[in-house]
Amino acid sequence: EEQPIARFFVDKLSDGTLQKALDLIPTDADLINCSHNDLNNGNILRHHQDPNTYIFLDLEYSCPNFEVADIANYMTERIFDYEVDEPPFYRFEGSRMFTDEKKREFFTSYYSNKPGYTEEDVKDHVEKAMQHYPVMSALVHLVWTIWSLILVEPKYETGFHYLHYARDRFEIFQKTLDSFEK
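### Here we look at the overall build of the protein chain
- Along its length, the protein chain carries five helices and six strands.
- Taken from the N to the C terminus, the helices and strands of the protein chain come in the order α-β-β-β-β-α-β-β-α-α-α.
- Its C-alpha radius of gyration of 18 Å places the protein chain within 12% of the 16 Å reference for a compact globule of 182 residues.
- Counting every position in the protein chain, which comprises 182 residues, the buried fraction comes to 37%.
- Of the roughly 11,200 Å² of accessible surface on the protein chain, a fraction of 54% belongs to carbon and sulfur atoms.
- Charged side chains of the protein chain number 18 positive and 33 negative; the gap between the two group centres comes to 4 Å.

Encoded structure:
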């Protein structure tokens with residue numbers, strides 16, 4: 001028996017919304033890299049004896065992807081506070097979004113630390129990253145919408161309000177996608 005909420009998401013993605021999002025994916029193969037695909041503060045540990053060494057956890061979603069998508073995931077995860085003790089067990093905090101200036105600063109630092117990158121390479125990749133970030137952030141929200149819908153199943157019950165989370169992530173995805181039409 002089909003759930004009404006699942007039907008809502010299927011209908012929304014069948015109305016051309018998904019194709020519209022897929023059509024926006026960049027074709028710059030040089031931006032594809034080995035990606036974590038669940039990059040967030042909880043999956044990055046700083047080594048206690050060497051503060052310049054980091055350990056990445058939860059690599060089950062790792063695969064080739066646009067490195068901008070990985071960074072977009074990191075940046076978009078910051079807008080959710082998961083340290084909430086009451087339903088829905090998270091809080092959206094839009095004030096924690098990266099500004100364009102902070103995004104540019106982050107991308108500049110990221111590309112400046114890539115071995116072999118010249119100043120011109122850094123500048124070129126930062127511009128591409130800034131151009132592709134809005135699409136990648138929208139798609140990240142769509143991925144977590146779908147992930148949340150899978151976890152709505154009773155066998156995954158943890159108390160976290162996955163349906164509520166799917167709705168919020170989809171709403172951000174939709175708003176971001178709609179902004180491309182303006």
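Now that the structure has been shown, the text picks up again.
### Digging into the packing of aromatic side chains
- As enumerated under the stated definition, the model contains 20 aromatic pairs in all.
- A centroid spacing of 5.5 Å and a plane angle of 35° characterise the contact between Y90 and F160, whose relative ring orientation is tilted. Of this pair, Y90 sits in the loop between β5 (80-81) and β6 (91-92) while F160 sits in the loop between α4 (119-150) and α5 (162-179); the two residues are 70 residues apart in sequence, bridging distant segments of the chain.
- Taking 5.1 Å as the distance between ring centres and 85° as the angle between the ring planes, the aromatic pair formed by W144 and W147 counts as edge-to-face. Residue W144 and its partner W147 are both found in helix α4; the two are separated by three residues, about one turn of the helix.
- On the basis of relative accessibility, which here comes to 27%, the residue W147 falls in the partly exposed class.
- Three or more aromatic residues joined by ring pairs make a cluster, and in this case those are Y61, F80, Y82, Y90, F92, W144, W147, F160, Y162 and Y165.

### Details of α5
- Compared with the 26 Å implied by 1.5 Å per residue over 18 residues, the 26 Å span of α5 between its first and last C-alpha is a close match.
- For α5, the full list of buried residues reads Y162, Y165, A166, D168, R169, F170, I172, F173, Q174, T176 and L177.

### Here we look at the nonpolar core
- Of all hydrophobic cores here, the largest spans 30 residues; its most connected members are V68, M75, F107, Y111, M136 and F173.
- Those elements giving two or more residues to this core turn out to be α1 (4-23), α2 (67-77), α3 (100-112), α4 and α5.
- In terms of residues, this core owes the most to one element, α4, which gives 12 residues.
- If we ignore the near neighbours within four places in the chain, the residues touching F107 are V68, I71, M75, V126, A129, M130 and Y133.

### Structural notes on the pattern of salt bridges
- The final tally for this structure, using the stated rule, is 11 salt bridges.
- Across the pair E105 and K102 runs a salt bridge, and its minimum N-O distance is 3.8 Å. Linking E105 with K102, this pair stays in helix α3, spanning three residues, or about one helical turn.
- Given the relative accessible area of 47%, E105 is considered partly exposed.
- On the accessibility criterion, K102 (42% relative accessible area) is partly exposed.
- A salt bridge links E127 to R104; the shortest N-O distance between them is 2.6 Å. In this pair, E127 sits in helix α4 while R104 sits in helix α3, placing the two residues 23 residues apart along the sequence.
- Residue R104 is classed as partly exposed on the basis of its relative accessible area of 33%.

### Notes on α2
- Counting buried positions over the 11 residues of α2 gives 11, a clear majority of the element.
- By the burial criterion, the buried members of α2 are E67, V68, A69, D70, I71, A72, N73, Y74, M75, T76 and E77.

### Considering the packing of α2 against α3
- Following both chains from N to C, one finds α2 and α3 inclined at 130°, their axes separated by 12 Å at the closest point. It follows that α2 is oblique to α3 by the angle criterion. α2 and α3 meet at a crossing whose hand is right-handed. Residues E67, V68, I71, Y74 and M75 of α2 form the contact with α3, whose own contacting residues are K103, F106, F107, Y110 and Y111.

Parameters and conventions
- Residues numbered from 1 in each chain as written.
- Predicted model: local features only at pLDDT ≥ 70, side-chain atom pairs only at ≥ 80, totals over all residues.
- Heavy atoms only, no water.
- Helix = DSSP H or I, 4+ residues; strand = E, 2+ residues; numbered from the N terminus.
- Rg over C-alpha atoms; globule rule 2.2 N^0.38 Å.
- Buried < 20%, exposed > 50% of the residue type's maximum accessible area, 1.4 Å probe, protein only.
- Areas by Shrake-Rupley, 256 points an atom, 1.4 Å probe, with all protein chains shown as cover.
- Lys, Arg positive; Asp, Glu negative; His and termini not counted.
- Charge placed at Lys NZ, Arg CZ, Asp CG, Glu CD.
- Phe/Tyr/Trp six-rings, centres within 6.5 Å; stacked < 30°, edge-to-face > 60°.
- Expected span 1.5 Å × (residues − 1).
- Core = buried A, V, L, I, M, F, W, Y, C linked by side-chain atoms within 4.5 Å.
- Contact = heavy atoms within 4.5 Å.
- Salt bridge = Lys/Arg side-chain N within 4 Å of Asp/Glu carboxyl O.
- Axes fitted to C-alpha atoms, helices over the stretch in contact; angles between N-to-C directions.
- Parallel < 35°, antiparallel > 145°, perpendicular 65-115°, else oblique.
- Left-handed = near helix turned anticlockwise from the far one by under 90°.

Interpretation in functional terms is not warranted from these geometric data alone.
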